[in-house]
Every structure is written in C-alpha cells, then in structure tokens.
Amino acid sequence: MAERVQLRVNGKSVEVTPGTVVAAAIAMAGESKFRRSVSGMPRGPLCGMGLCMECRVTINGLSQCRSCQTLCEPGMEVLTDD
Amino acid sequence: MTEPRSRFDIVVVGAGPAGLAAACAAAEKGKRVAVVDDAPSPGGQIWKGEQSRLSIPQAQKWIERFRRSGATLLDRTAVIAAPEPGVLLAEHPEGAREIEWSKLIIATGARELFLPFPGWTLPGVMGPGGLQALVKGGWPIAGKRVVICGTGPLLLAVADGLKKQGATIAMIAEQAPMSRVAGFGFKTLRHPGKLVQGMGIFARLRGVPYRCGVWPVQANGGEQVNSVTLADGSNQWTEKCDLLACGFHLVPNVELPLAMGCELAGGCVRVDANQLTTVPDVYCSGEPTGIGGVDCALTEGQIAGYSAAGSDDQAAALSNERAGWHAFRLAMSNAFALREELKSLANPETTFCRCEDVAFGRVKAASGWREAKLLTRCGMGACQGRTCGAAAKFILGWGMESVRPPLLPARVGNLTRTNR
Ligand SMILES: Cc1cc2nc3c(=O)[nH]c(=O)nc-3n(C[C@H](O)[C@H](O)[C@H](O)COP(=O)(O)OP(=O)(O)OC[C@H]3O[C@@H](n4cnc5c(N)ncnc54)[C@H](O)[C@@H]3O)c2cc1C
Ligand code: FES
C-alpha cells in the first residue's frame with residue numbers, strides 16, 4: 001500500500017489509496033453537500049451505483065460527473081456544490 | 001483500449017455474479033465472449049472491488065475462473081441503447097462503442113428501492129447497499145454512527161460490512177414483522193450455504209439492536225442528516241445518527257430487456273428453462289428475472305451461458321439447483337413484503353422526484369405516470385425516473401409502459417447515435 005493518489009477537493013488537498021472513488025475523497029475532505037437541486041436543496045450520494053445522479057460534481061472542469069463511479073486519479077481537481 | 005466497433009458470438013451485459021458465471025460457461029465452450037459493464041472492475045454490486053481486495057473466497061474463485069476463461073471484459077462501458085437487432089450502443093470514457101452479438105445475455109442486476117419520506121433528500125441519507133458500495137470505494141466510515149432501516153437481508157449484510165470497517169451501528173430497523181422474518185430464517189435452513197453466512201453475520205452483529213416491525217417516518221437535520229424518527233405503529237422515537245442507510249430491498253433493472261422487447265411478468269423478465277427471454281437469442285439471468293441473491297444469480301448465469309453456447313445438457317443439469325434458489329427467492333419476497341404504512345410516509349410537500357424537485361402532492365394529483373411526467377416533469381430529470389419511477393409503482397400502482405434511450409445516463413454527443 002505504498003502508492004498514494006493526491007487530488008484536490010474544492011482546493012483542499014486529499015490523499016487516498018488507489019481504487020478510491022471520488023465520492024469518498026469528497027467525504028474525506030469533510031464535504032457533505034455534493035450538489036444543489038434545481039430548487040437549491042443540498043444533496044449527496046443516494047444509490048452509490050451510478051443511477052440516481054445525486055452525487056454529480058465537476059471533475060477537471062467537466063461538470064455533471066458521477067463521483068460514485070469515478071476513480072480518483074493523481075492531480076484531479078474536484079469541485080462540489082457548483 | 002477497446003475498439004469503436006467489435007463483434008462477438010456472445011455478449012453479456014453486466015459483470016456481476018450472473019454475468020461472470022454466464023461468460024465463464026460460454027467461453028469455456030470455445031465461444032468468443034465479451035462482458036460489458038459500466039463499472040471500472042468486474043464483480044457487480046456484491047463483489048465490488050473484490051478483484052483487488054481478495055476478501056470473499058467465492059468472489060475470488062469466480063473472478064479467477066473468468067480471467068482464465070478467455071472472455072473479454074469491456075469495462076467502464078455503459079450500454080445506452082439497442083439501435084438495431086444484433087447491435088448494442090455503449091458509451092466509454094473515450095467515446096461511443098458499437099458491439100455486435102449473435103446471442104445476448106442480459107445480467108444487469110438490480111437497484112435499491114427508495115421510498116420518499118420527509119427529510120429523505122438530506123445529504124447523509126443513502127441506500128444501505130449504496131453506502132456499502134461507497135465504503136468499498138474508500139468512503140470514511142470508522143467512528144460514524146449509522147442507523148440502518150428499510151427491509152431485506154441486505155440490511156444485515158451491510159450492518160456487518162460497516163461494523164467491520166469501524167462504524168457504530170445504532171440500530172437495524174426492519175419494517176417486516178418479526179413473525180415473517182423468523183419464518184424466513186427457518187426456511188433458509190434448507191439452504192446450508194445461506195445459513196452459515198447468516199449465522200456468521202448474526203454472531204458478529206451481537207450487541208446491535210435488530211428491531212422488526214419498525215420503519216422510518218422522518219429524517220432530521222439542516223444541511224445534513226443528524227437523526228431519524230422511527231415508528232412501530234404505536235410509538236415514535238428519534239435515534240441520533242451521522243448517516244442514515246435506508247432502502248426497501250431491490251427492484252430489477254429491466255430497462256435493457258424492455259428496450260429489446262422482452263416480455264415481463266410481475267415486473268421481472270420472463271424466461272424459460274434455458275433462461276431464454278421471449279425474444280429469440282436474448283437470454284436473461286440474475287436479479288432481472290427476480291430478486292434471488294448471489295447464488296441464484298450464479299446458477300442462472302451458468303444456465304444461460306451453457307444454453308447460449310449450445311450445451312443444453314449442461315444447462316439442464318443445473319435445473320434442480322436453480323429450483324432450490326427459486327424456492328429461497330419466493331420465501332424472501334414473502335418475508336420482506338412491504339407494509340401498507342410505507343405508502344403514506346410522504347406528505348404532499350415531500351420531494352418525490354429528486355431530479356426535478358416535484359412534490360408528492362403534485363405527482364399524486366396526476367392520473368398516471370405519463371400525465372405526471374407531462375404536467376410536473378416528474379421522472380424527466382437526470383436519473384430518468386430510476387428513483388421515483390420505482391417508488392410510484394409501489395405507492396401509486398403506476399407502471400412504466402416503455403423505456404426510451406439512453407438506458408443509462410449518457411453524454412450528449414453519443415446520444416445522437418441512438419435514434420436512427
Ligand atoms: C447497491 C447494492 C449493494 C449490494 N450489496 C450486497 C452485499 O453487500 N451483499 C449481498 O449479499 N448482496 C448485495 N446486494 C445484492 C446483490 O446485488 C445481488 O445478490 C447479486 O449481486 C446479484 O448479482 P447480479 O449478477 O444479478 O447483479 P449485479 O451484481 O447487480 O450486477 C449487474 C451488473 O450490471 C451492470 N450494468 C447494469 N446495467 C448496465 C448497462 N446498461 N450497461 C453496462 N453495465 C450495466 C452493473 O454495473 C453491474 O455491475 C447489493 C445490491 C445493490 C443494488
Ligand atoms: S450516488 Fe447515485 S449516481 Fe452516484
């Protein structure tokens with residue numbers, strides 16, 4: 001387990017083991033609200049399997065990425081609550 | 001790197017237990033087999049991440065057998081449409097994929113059923129299986145206080161998994177009455193494998209309150225859940241929690257079979273003794289044919305794989321084994337049948353469609369699913385009704401008549417190719 005992956009969540013640096021999903025890195029960064037609903041309610045992951053779309057965040061500038069289905073990669077820039 | 005266009009004798013959609021078993025059976029018979037899955041690694045829901053974790057012997061055995069079988073894995077590839085007979089359109093991070101098949105085996109598994117109640121949209125309220133999957137993906141759970149509620153054996157499996165990772169399970173609240181759950185426990189005696197698994201779990205869960213006949217009525221918190229109000233029909237009380245795991249068992253993923261024209265019976269794909277659907281050359285195995293668990297999925301998968309590869313005798317040899325799992329499947333669905341009270345948890349103001357923020361009162365006022373979609377946009381958002389459609393079926397008795405592509409959420413560029 002020597003290998004570590006470094007990424008940033010809302011500018012905060014997070015270090016994870018390979019195989020960690022972006023949603024988990026967001027939780028490690030202490031964020032609970034992943035996005036806002038169409039009427040502004042805070043939301044976070046629900047299904048954990050890529051279907052509900054509640055865990056969408058911006059990854060490397062690409063919006064609407066499902067953080068529960070995306071693995072962390074070195075240097076990733078993740079933005080929540082966009 | 002996969003090719004934009006490829007062709008195989010047999011294409012399996014889903015790399016869970018059912019899909020892996022089907023692929024092994026067919027590839028070992030010398031067929032050119034591909035398994036397509038949206039996820040980055042094989043294993044489906046129950047064995048998520050097992051290829052690197054090596055903790056479940058049964059998973060190791062099957063993943064290893066799959067590696068040696070010669071079947072190709074097309075991972076991170078979501079099937080989004082079936083544009084013409086013999087062709088699937090899929091989406092990969094590097095672009096669209098067209099996959100041609102002579103025989104197709106659908107093993108798309110199931111998802112959790114979520115029912116709306118006040119506060120269910122708060123961050124920190126998740127499906128038990130969903131939370132388990134996220135924890136397998138590294139979600140920090142150690143030291144967290146979790147209430148697990150809803151229904152089904154999955155609640156116990158998840159409690160066990162989370163506890164092992166250092167979570168405190170404040171309570172498991174099962175909506176089914178004790179009399180039914182106990183009856184189910186007795187029936188599983190006829191399935192020794194399940195029993196051992198069940199006993200192991202129960203021993204490890206010693207000290208965790210397991211209450212039957214209890215269900216959630218409200219999740220509380222401002223920007224995040226901090227407690228849940230539970231009810232047992234005569235009393236209501238509140239339990240503190242950092243996370244609330246709530247799910248009402250599983251519903252089959254039947255979007256692809258529906259798009260292919262396969263007939264359903266009771267919400268599940270209709271299959272014959274060979275796991276063949278009502279559409280020629282299209283087979284189906286595992287949860288889409290009925291919620292039966294991992295062992296049922298493995299047996300049905302092998303039967304489909306052997307049949308598709310033309311080895312009907314090997315398929316037939318597994319039919320007794322399958323009958324046993326089907327008895328287990330029936331016992332499970334009776335034991336964990338949903339109580340009527342769950343239909344009235346949502347208030348008129350409770351969010352029903354989470355993608356479009358449509359309140360339950362507005363949805364209920366519609367005459368049916370189609371009208372609700374047209375008038376309120378319920379089920380028209382990003383998840384395409386995956387969440388609220390299943391809830392509407394249980395609470396309002398509305399069925400979804402048909403599905404439109406994409407079958408999974410797709411990027412716009414690839415979608416233009418689905419309508420030709
Ligand atoms: C979230 C969740 C967690 C669970 N956790 C447990 C557990 O911890 N213990 C337990 O005993 N049971 C668990 N279950 C139940 C378990 O899923 C089943 O018992 C068993 O895995 C069924 O196997 P399967 O092969 O039928 O389906 P699955 O294992 O669900 O496999 C289906 C596969 O199909 C893929 N798929 C679906 N649609 C598409 C598409 N259009 N394109 C590409 N790929 C697609 C999915 O990504 C998935 O990998 C869980 C279920 C869910 C929904
Ligand atoms: S949590 Fe449902 S799609 Fe990610």
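Residues numbered from 1 in each chain as written. Chains lettered and ligands numbered in written order. Predicted model: local features only at pLDDT ≥ 70, side-chain atom pairs only at ≥ 80, totals over all residues. Heavy atoms only, no water.

Draft legend 1. Focus on the overall build of chain B. Helix and strand counts for chain B come out as 15 helices and 21 strands. Its C-alpha atoms give chain B a radius of gyration of 21 Å, within 12% of the compact-globule value 22 Å for 420 residues. Expressed along its principal axes, the backbone C-alpha trace of chain B runs to roughly 60 × 50 × 35 Å. For chain B, the proportion of contacts with a sequence separation of at least 24, taken over those separated by at least 6, is 65%. (Helix = DSSP H or I, 4+ residues; strand = E, 2+ residues; numbered from the N terminus. Rg over C-alpha atoms; globule rule 2.2 N^0.38 Å. Contact = heavy atoms within 4.5 Å.)

Draft legend 2. How the structure looks around the sheet that holds strand β13 (residues 227-231) of chain B. Residue and element names in this part refer to chain B. What the three strands build is an open sheet, ordered β12-β13-β14; its pairing is antiparallel. Sheet topology places β12 (215-220) and β14 (236-240) at the edges, where each strand pairs with a single neighbour. Each neighbouring strand pair of the sheet contributes to a mean axis angle of 30°, computed without reference to strand direction. Looking at chain direction, β12 and β13 are connected through five bridges and run antiparallel. Bridging across to β13, alanine 219 finds its partner in valine 228. (Pairing = 2+ DSSP bridges. Axes fitted to C-alpha atoms, helices over the stretch in contact; angles between N-to-C directions.)

Draft legend 3. Spatial organisation of unusual backbone geometry. At A:Gln64, a residue that is not glycine, the phi angle is positive and equals roughly 65°. Of note, the phi angle at B:Arg76 is positive, near 50°, even though the residue is not glycine. Looking at the element boundaries, B:Arg76 is found in the loop between β3 (72-74) and β4 (78-84). Residue class for B:Arg76 comes out partly exposed when judged on its relative accessible area of 38%. (Buried < 20%, exposed > 50% of the residue type's maximum accessible area, 1.4 Å probe, protein only.)

Draft legend 4. Main features of the packing of aromatic side chains. Tallied over the full model, the rule gives three aromatic pairs over all chains. Judged by centre distance (6.2 Å) and plane angle (10°), the ring pair of A:Phe34 and B:Trp139 falls under stacked. Of this pair, A:Phe34 sits in the loop between α1 (22-28) and β3 (35-36) while B:Trp139 sits in the loop between α4 (128-136) and β9 (145-151), on two different chains. B:Trp139 matches A:Phe34 in its accessibility class, with the two residues each being buried. Taking the centre distance of 6.2 Å and the plane angle of 90° together, the rings of B:Trp325 and B:Phe328 count as edge-to-face. Residue B:Trp325 and its partner B:Phe328 are located together in helix α11 (residues 319-335), separated by three residues, close to a single helical turn. Given the relative accessible area of 13%, B:Trp325 is considered buried. Owing to a relative accessible area of 5%, B:Phe328 belongs among the buried residues under this scheme. A cation sits over an aromatic face here: B:Lys343 above B:Phe394, 5.1 Å from the ring centre. Cation over ring: B:Arg354 sits above B:Trp120, and NZ or CZ is 4.7 Å from the ring centre. (Phe/Tyr/Trp six-rings, centres within 6.5 Å; stacked < 30°, edge-to-face > 60°. Lys NZ or Arg CZ within 6 Å of the ring centre and 35° of its normal.)

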